[in-house]
Amino acid sequence: MSLAALASVAGSSPPVFDAHNHIHMSMPGRVPPFDARLLHNWEAENSAPALNESISKHARNVASFFSPTAESSSGAAEFDSNIVKGMALMSTQPRDFVAVDTVCNEFEHRRNGLLCGSIRGVRCYGVHPWFLHEAEADGAACVRNSDTNSFWWEQYLRQSLMNCPSACVGEIGLDSARYDPKTQKPHTPIERQIEAFELQMWIATELQRPVSIHAVQAWGPLLDTLNKKFGKKKGDKPSRLYFHAFGGEPAVVDQIDAAAGKRMKLLGFAPIINFRSPKTADVIRKVGIDRLVLESDRENYILVKNDLAANANYIAEALEMDPSKIEKTSENAFRFYGIHD
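Residues numbered from 1 in each chain as written. Predicted model: local features only at pLDDT ≥ 70, side-chain atom pairs only at ≥ 80, totals over all residues. Heavy atoms only, no water.

Enquirer: Describe in detail the side chain of N21, supporting the description with residues and values.
Expert: Along the chain, the position of N21 falls in strand β1 (residues 16-21). One polar contact links N21 to D18, side chain to side chain, over a distance of 3.0 Å. (Helix = DSSP H or I, 4+ residues; strand = E, 2+ residues; numbered from the N terminus. Polar contact = N/O pair within 3.5 Å; in protein donor to acceptor, adjacent residues only side chain to side chain.)

Enquirer: Kindly report on the pairing of strand β6 (residues 240-243), identifying the contributing residues and their values.
Expert: Every other side chain in a regular strand lies on the same face of the sheet, so the side chains alternate between the two faces. Alternating positions in β6 separate into two faces, R240 and Y242 on one and L241 and F243 on the other, with burial throughout. When strand β5 (residues 211-216) meets β6, the two strands line up parallel, connected through three bridges. Looking at β6, one finds that V211 is bridged to L241. Handedness of the crossover joining β5 and β6 through helix α8 (residues 219-229) is recorded here as right-handed. Here β6 runs beside strand β7 (residues 264-269); their pairing, made up of four bridges, is parallel. Its bridge partner lying in β7, Y242 is registered against L266. Where the polypeptide runs from β6 across helix α9 (residues 250-260) and back to β7, its parallel neighbour, the crossover connection is right-handed. (Buried < 20%, exposed > 50% of the residue type's maximum accessible area, 1.4 Å probe, protein only. Pairing = 2+ DSSP bridges. Right-handed = clockwise from strand over helix to strand, strands pointing away.)

Enquirer: Which residues make up α8, and what values do they have?
Expert: Within α8 the residues assigned to the buried category are W219, L222, L223, T225 and L226. Take α8 and look down its axis: the buried residues cluster within an arc of 150°, on one side only. Those residues of α8 that are buried are in contact with β4 (168-175), α7 (190-207), β5, β6 and α9. (Arc of directions from axis to C-beta. Contact = heavy atoms within 4.5 Å.)

Enquirer: Pulling in residues and values, what's your account of the layout of surface pockets?
Expert: Take a probe with the size of a water molecule and roll it over the atoms, and the empty space left behind shows itself. Space inside the second largest pocket adds up to approximately 400 Å³. Going through the elements one at a time, β5 and α10 (271-274) are the ones with two or more residues in the lining of the second largest pocket. A per-element tally of the lining of the second largest pocket places β5 first, with three residues. Residues that form the lining of the second largest pocket fall into these classes: nine nonpolar, eight polar and four charged. (1 Å grid on protein atoms, 1.4 Å probe; cavity = no way out; pocket = protein on both sides within 12 Å on 5 of 7 lines; lining within 4 Å. Points joined across faces, edges and corners; volume = space filled by probe spheres on them. Nonpolar A, V, L, I, M, F, W, Y, C, P; charged D, E, K, R; others polar.)

Enquirer: I'd like to hear about the pattern of salt bridges, residue by residue, with values.
Expert: A full pass over the atoms with the stated rule returns 15 salt bridges. Of the charged contacts in the structure, one is a salt bridge between R123 and E108, with a shortest N-O distance of 2.6 Å. Linking R123 in strand β3 (residues 120-125) with E108 in helix α4 (residues 97-112), this pair joins segments that are 15 residues apart in sequence. Exposure remark for R123: the relative accessible area of 10% places this residue in the buried category. The closest approach of N and O atoms between R298 and D307, which form a salt bridge, is 2.7 Å. Overlapping salt bridges bring together R95, E134 and D138 as one network. (Salt bridge = Lys/Arg side-chain N within 4 Å of Asp/Glu carboxyl O.)

Structural data, given as structure tokens:
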């Protein structure tokens, strides 16, 4: 069943929210290398240097696709913009903070203009374990810092979050399965990944921000970190945790609950990653609709709609529920991200 079909079942368009994607990265070519000039203007308004035109053009294309106007392309007009109500854009490293900002700025521009079908974009800043080695290389190239154990991007991340009180920390986490094809070793040793994860969790705790967490073949060290480095009292760790593209066994949910206590804990499943595994439906049934969000985890924004439809159908089938009730996942996402409509 498509999202349009879901809408017809419900009698109106259900407010579907994509809780995790990377559509700012789907521009032609790569996100430009980190611009060192950003490091010297943390506290200045509008301090970012002139944006690469490919980022600006991409942001306009994305916003037009999800918020079509009369001037939009014919491709955008095919999309039912009343279906997707919002999305969280997850950065992967300091290089793409500006790209996340630019796409979200376009969304906001269209919302402020009261354009039909305009949607909410949630900024998410963080350093992903897959890209930590690139962030380290950028630091070596543009930062004069003799302390090789510290993370040069800490203040940039902190200031980016402070500049946007509604921003989330993400995507962060641990991954022991991602290898350099040349060396057959992790791009970044797990010990260094843990240091980066801890730092970003502390920042999220300090600033009281939600966190989107990536974990692949690293549940042991991730749970150890949550249990040993962060307490169980209020204020000891972030109050809202979202485990995206969850690939753990059902028993891991119990371990997460024990480590996180009464904090808000959500799970998401990406069709391109999770739907081939038979345990995914078991986990969905274990946690129930009140702890689930839809996500696409896509870079290609054109594929988001179909993935959200697949996600909605899969969850509805696993829970044996009316597909029109899937909008509960959007309510969960709105609560997690602190969105008040």
